[in-house]
Amino acid sequence: ACSPQAELTDPVARGQRDFNGVGCVKCHMIGDAGNDWGPDLTMLGFRKSSDWIDAWLKDPHAWNPKTVMPNFNLKDSTRADLVAYLSAQKGQAWSVKPWETPAASALPAAERGKLIFNSVGCVSCHAKDGYGGYPNNNVAGGLVLSLTKVSEGYTKPEAHQVIKGGRLSIPTDSTKPAPMLQMPKWGDHLTDKEIDAVVEYLFTLAPKSAG
């Protein structure tokens, strides 16, 4: 009889309850549960700061006017609990990582790399197929870079190192707040072989055709 009450004292547990209650699971995956209509959130706490998650939940359209994510007009307390829950998501919810299943392990490197790219949430900044166009504050052009010309600007070892070691976004105005989106150090969560697979995928990308 005590466990539900004890659980509700933990903001992460309350956030998990609200994540399901508000209906986030209708569009998002965390671990093996949910739907993949929107970005996978299993690694959200690794790739996005709690400040960014809070700003996004407060008003998604203020950050990205093109988003299809609705503004749920959350109470401050509910939003704080969701931020706690989402910030805690660093891959532990997977029983088996999607790219480590026998079927995925047998895929060609570029296809396995695409699966990793989508599963860990690279799409949430770089967009589907790496087209880019996702907003970031205080960066050149105001957008996250497209990845469709990686093969023109980098060698495969260079691209591997950027993914592995991460990269800070360069602010265009030192008097304004630093960019909220940064390239995380994926070497903390992905093996060299997995990063190589992502690089193989990135080298297959190309800009959208004019037609």
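Structure first, text after, so check above.
Residues numbered from 1 in each chain as written. Predicted model: local features only at pLDDT ≥ 70, side-chain atom pairs only at ≥ 80, totals over all residues. Heavy atoms only, no water.

Description of the overall build of the protein
Reasoning step 1: Of the regular secondary structure elements, the protein holds 12 helices and 2 strands.
Reasoning step 2: Put simply, the protein runs from its N terminus to its C terminus through helices and strands in the order α-α-β-β-α-α-α-α-α-α-α-α-α-α.
Reasoning step 3: For the protein, the C-alpha radius of gyration of 18 Å lies close to 17 Å, the compact-globule estimate for 211 residues.
Reasoning step 4: C-alpha atoms of the protein, sized along the principal axes, occupy 60 × 50 × 35 Å.
Reasoning step 5: Counting every position in the protein, which comprises 211 residues, the buried fraction comes to 40%.
Reasoning step 6: Long-range contacts, defined as pairs at least 24 residues apart, comprise 60% of the intrachain contacts of the protein with a sequence gap of at least 6.
Reasoning step 7: A total accessible area of about 11700 Å² is found for the protein, and carbon and sulfur atoms account for 57% of it. (Helix = DSSP H or I, 4+ residues; strand = E, 2+ residues; numbered from the N terminus. Rg over C-alpha atoms; globule rule 2.2 N^0.38 Å. Buried < 20%, exposed > 50% of the residue type's maximum accessible area, 1.4 Å probe, protein only. Contact = heavy atoms within 4.5 Å. Areas by Shrake-Rupley, 256 points an atom, 1.4 Å probe, with all protein chains shown as cover.)

A short note on helix α12 (residues 192-202)
Reasoning step 1: Taken residue by residue, α12 has Glu194, Ile195, Ala197, Val198, Val199, Tyr201 and Leu202 as its buried positions.
Reasoning step 2: Next to the buried residues of α12 lie α8 (109-119), α10 (150-153) and α11 (156-165).

Side note on the packing of aromatic side chains
Reasoning step 1: Overall, the coordinates contain 7 aromatic pairs when judged by the stated rule.
Reasoning step 2: Between Phe46 and Trp186, the ring centres sit 4.9 Å apart and the planes meet at 65 degrees, which makes this aromatic pair edge-to-face. Here the residue Phe46 occupies a position in helix α3 (residues 44-47), and Trp186 occupies one in the loop between α11 and α12, the gap between them amounting to 140 residues. Taken individually, Phe46 and Trp186 each receive the classification buried, so the pair is uniform in this respect.
Reasoning step 3: Pairing Trp52 with Trp63 gives two aromatic rings, centres 6.1 Å apart and planes at 90 degrees, and the pair type is edge-to-face. Of this pair, Trp52 sits in helix α4 (residues 50-58) while Trp63 sits in helix α5 (residues 60-63), and the two are 11 residues apart along the sequence.
Reasoning step 4: Given the relative accessible area of 15%, Trp63 is considered buried.
Reasoning step 5: Counting every residue linked through ring pairs, the aromatic cluster contains Trp52, Trp56, Trp63 and Tyr134.
Reasoning step 6: Lys48 extends its terminal NZ or CZ atom over the ring of Trp52, reaching a point 4.0 Å from the ring centre. (Phe/Tyr/Trp six-rings, centres within 6.5 Å; stacked < 30°, edge-to-face > 60°. Lys NZ or Arg CZ within 6 Å of the ring centre and 35° of its normal.)

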